[in-house]
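What the coordinates show
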Amino acid sequence: MPAPIRLRELIRTIRTARTQAEEREMIQKECAAIRSSFREEDNTYRCRNVAKLLYMHMLGYPAHFGQLECLKLIASQKFTDKRIGYLGAMLLLDERQDVHLLMTNCIKNDLNHSTQYVQGLALCTLGCMGSSEMCRDLAGEVEKLLKTSNSYLRKKAALCAVHVIRKVPELMEMFLPATKNLLSEKNHGVLHTSVVLLTEMCERSPDMLLHFRKVWLLVPQLVRILKNLIMSGYSPEHDVSGISDPFLQVRILRLLRILGRSDDDSSEAMNDILAQVATNTETSKNVGNAILYETVLTIMDIKSESGLRVLAINILGRFLLNNDKNIRYVALTSLLKTVQTDHNAVQRHRSTIVDCLKDLDVSIKRRAMELSFALVNGNNIRGMMKELLYFLDSCDPEFKADCASGVFLAAEKYAPSKRWHIDTIMRVLTTAGSYVRDDSVPNLIQLITNSVEMHAYTVQRLYKALLDDISQQPLVQVSSWCIGEYGDLLVSGQCEEEEPIQVTEDEVLDVLEGLLVSNLSTPVTRGYSLTAIMKLSTRFSSVNRIKKVVSIYGSSIDVELQQRAVEYNALFKKYDHMRSALLERMPIMEKTASNGPTEIVQTNGETEPSVPDTKLPPLITQPANQANDLLDLLGGNDVVPVIQTTLPTKPASAGGELLDLLGDLSLSGGPAPAPSVPISQPPFLLDGLSSQPLFNDISAAIPPMTAYNKNGLKIEFTFERANPNPNIAVITIHATNTTEADMTEFVFQAAVPKTFQLQLLSPSSNIVPALNQGSVTQVIRVLNPQKQQLRMRVKLTYTHKGSPVQDLAEVNNFPPQSWQ
Amino acid sequence: MMRFMLLFSRQGKLRLQKWYTATAERDKKKMVRELMQVVLARKPKMSSFLEWRDLKIVYKRYASLYFCCAVEEQDNELITLEVIHRFVELLDKYFGSVCELDIIFNFEKAYFILDEFLIGGEIQDTSKKSVLKAIEQADLLQEEDESPRSVLEEMGLA
């Protein structure tokens, strides 16, 4: 059989292939030849064949059939064989392969070989890819070599030990004695690898770290070595652009960082050397900057004094001005890490950071953006926002969502005026409207609602934006909602902030109807516009047109739209008397947290606050002077009934019911004929938060009281404070019945003085079981903003033993804590 | 710690791959393909660093070859650039003005040099001279292996 072709020959041949298919053919042919050669157990050419196999492997072809051959090469006596064999092992025999462990014995022998280059091969292979079992078996050999005086082997053994520790952390202890003297070596290779080994140990074991700090006194040793490096003259062997062994310097700085972390003494001991390195390192080349970078990282991580920290941040500031974009990148990353702890120092470099927003590199831009948002505060908000909005305009789509969110957050925290805030939001919506997160829509709506004096201005601007562009859904949704709410302000031209535009009702309805039919509108958006149109029925005079639109959608294919249209239709037909109350202006929503989208009323993540709103009677708007004020216990006249009990058609009942105790007034609608149990109502707007549990942590402070006890019916009140509003008392009534017969059709009603507001939730049932076998519970919420003494009049109706019973009572014995 | 180092040409041909963690062959191929795509798409004005998966990639182009290292979160990118440069210097000294063809035709030697420079992704020796000397000596050992045979062959006695 002819000798297998040489490696270089094969490479040359394969490179002449003009197509992938041709190459594959050549490879297959050669592989076949190699396979037969392997089968013949040819020792002479094994090395050559495996080398060729490794080349083909790099091209992407399978080479697993060469694994065993690598093992044979490793076992050979020839150095050439071993060299290729170990290379093959590192490429083909990682720990996932079954035959990996077969190497162990060979490596063990070679670790004890007479030739250091063979030992080196073994150490290298073990240190690069030895499995845990192999490491366990051979750790002892490595430890032995760690103690040899041969620095060539010592340095390799150190890195091999690092690998062993990474694979089998429990073995760390056994290397401890051998590591002790490593730092007294002069050889830079040994020094460098020792520092790496010590670093690995410190990172993995806090005990080891403590030991090094306190017992070995590692810090002074390292400081000394570093000092020597810096102070010593030019050493040609280790010099890089005028700096002596930068690799070793960087590793030492990193180890110092770990040792100095959260330890005052160590940090103090390294203070001087850090300052020295920071001020004396040459910055004209990348090497110098690499050392400075590591120094900065160390200074920021240990307990350094403030002067040193400022020095570090200034270095980063200088980095930002460097022409080299790598340096700028690294600076921005570091500044991002330190901006929380050293905020003021980083602020000084704000303008440079903002300039980086215009950089071409995507990663630099992203970091600059994050950093910019972190630096925004009340003083620089206007300027910063200008830059950030400009960035939002021109940046890549991948940034827009995050940038938009950041702008909203910052605007919310630091807006200098409401007008500015609204303008900023408008700007974001119009430039990046389609990238805005879904949860921003309810957030913005809340913001707009609460900026009462800006309603006219807002709706006008949003309307104009809609005229321009209806493709960005969040913008369209917010706009529709506003037009629905404030359309009356729009057509009456009340805007003060800017020139009011002339808009007719028809034009507005045209726009909204346009949204309904447009292909660009999503179903959610359509929902918004339909509701907006409906709301305008109480604000505009063109009710007929609205009626028509609504009835058309009663047969819409979209189920959501259809339902809405049908319900609105019903509103026109059967419940027209309720329409104006239902579609009233939204009240101010209270917020607890500053930016949580879920704190917005009622939605379960739905982006449609408007729809459930109209189902709820807007019972309270501004405190005090609205027509819907609560009942007047004294006098009893000018009581305006608000929404009564459940409408039979709607599943969700009209929210907190306010009842008219003085039954001789004719209530439109009146109490429901059968005392139907309202199904669980959506919570009231009173303190704005639906996702809030009704009851907070039980304040044990307020004692319960008996409110009524007559004819066997006993009603007890227990109290809680509503979180977060301390003005709200939450009372739970417990009705029990000591008589022998059940009390059925039990209805509890209550009224409070004018300065209070009351909400009654659904009772647990309307049967009070006989003989205290159970109780009916019901929740009352009382808002008492003026902290007046709580008084209540209650009316009880029930059927007992076949006859109806009715009783009125006053409850005056509220414990002081319940209303103070 | 350095997780892996790749050398590849502008045409996307792999010239060297050194992995310092055990990874499945399939995954290696996937990562190499992905990374090559990402790096080759970078414009010259961009920085040498990028985030990829949970790693930091440090790359530099020397003539027609890209040298690409993957390091971990806590590693110093700037010094990694120096590590790459040092490796290129070693290759250059060894081959005498190294070019891509040298690496193609002598890939096993490129690996030997790398393995004399780094173990487990960490530098063994910061002295260029020391590393090159070791390679030289090892090469001599290899020659000693081979020379007796070729002498005999020459004499027609093998």
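Residues numbered from 1 in each chain as written. Chains lettered and ligands numbered in written order. Predicted model: local features only at pLDDT ≥ 70, side-chain atom pairs only at ≥ 80, totals over all residues. Heavy atoms only, no water.

Points about the sheet that holds strand E9 (residues 792-800) of chain A
Residue and element names in this part refer to chain A.
- Across the sheet, which stays open at both edges, the 3 strands sit in the order E6-E9-E10 with antiparallel pairing between neighbours. Both outer strands of the open sheet, strand E6 (743-751) and strand E10 (803-811), are each paired with one neighbouring strand and no more. Across the sheet, the axes of successive neighbouring strands diverge by a mean angle of 15°, strand direction being ignored.
- Across 9 bridges, the pairing between E9 and E10 is antiparallel. (Pairing = 2+ DSSP bridges. Helix = DSSP H or I, 4+ residues; strand = E, 2+ residues; numbered from the N terminus. Axes fitted to C-alpha atoms, helices over the stretch in contact; angles between N-to-C directions.)

Some points on the interface of chain A and chain B
- With 63 residues of chain A in contact, the opposing surface of chain B contributes 64 residues.
- Around 6000 Å² of area is buried between chain A and chain B when both sides are counted, 56% of it from carbon and sulfur atoms.
- Among the residues chain A hides against chain B, the three largest losses belong to Met58(A), Arg83(A) and Phe247(A). Together they make up 13% of the total.
- Where chain A touches chain B, the interface holds 9 salt bridges.
- We note a salt bridge from Arg254(A) to Asp75(B), for which the minimum N-O separation is 3.0 Å.
- Here chain A and chain B share 25 residue pairs in polar contact (both at pLDDT 80 or more) between them.
- Considering every element that reaches the side of chain A that touches chain B, the biggest residue donor is helix H5 (residues 79-92) of chain A, with 7 residues. (Contact = heavy atoms within 4.5 Å. Buried area = accessible area lost by both parts, 1.4 Å probe. Salt bridge = Lys/Arg side-chain N within 4 Å of Asp/Glu carboxyl O. Polar contact = N/O pair within 3.5 Å; in protein donor to acceptor, adjacent residues only side chain to side chain.)

Re the UniProt feature "domain: AP complex mu/sigma subunit" (unreviewed entry) in chain B
- As annotated by UniProt and renumbered to match this structure, "domain: AP complex mu/sigma subunit" (unreviewed entry) occupies residues 1-141 of chain B.
- Structurally, residues 1-141 of chain B comprises 47% helix and 26% strand, and the distance from its first C-alpha atom to its last is 32 Å. (UniProt positions renumbered as here; feature names shortened; annotations may be inferred.)

Observations regarding the pattern of salt bridges
- The final tally for this structure, using the stated rule, is 54 salt bridges over all chains.
- With a shortest N-O distance of 3.5 Å, Arg46(A) and Glu41(A) are connected by a salt bridge.
- You can call Glu41(A) partly exposed: its relative accessible area is 46%.
- What you see here is one network of salt bridges that share partners, running through Arg166(A), Glu200(A), Arg204(A), Arg251(A) and Glu122(B). (Buried < 20%, exposed > 50% of the residue type's maximum accessible area, 1.4 Å probe, protein only.)

Description of the pairing of strand E2 (residues 14-19) of chain B
Residues and elements named next belong to chain B.
- Summarising burial for E2: 6 of the 6 residues are buried, a large majority.
- Where strand E1 (residues 2-9) lies against E2, 5 bridges are found, and the strand directions are antiparallel. Counterpart to Leu7 in the pairing with E2 is Leu16.
- Here E1 folds back onto E2 in antiparallel fashion, the turn holding 4 residues, of which Gly12 has a positive phi close to 85°.

Structural notes on the sheet that holds strand E5 (residues 65-71) of chain B
All names here are of chain B.
- Read across the sheet, 5 strands follow the order E2-E1-E5-E4-E3 without closing on themselves; strand pairing throughout is antiparallel. At either margin of the open sheet sits one strand with a lone partner, and together these are E2 and strand E3 (49-52). Sheet twist, expressed as the average angle between the axes of neighbouring strands with direction ignored, equals 20°.
- Inspection of the sheet shows E1 paired to E5 by 7 bridges, in the antiparallel sense. Across the sheet, the residue bridging to Met5 is Cys69, located in E5.
- Helix-sheet contacts for helix H4 (residues 107-117) involve E1 and E2, and the interaxial angle to E2 is about 35°.

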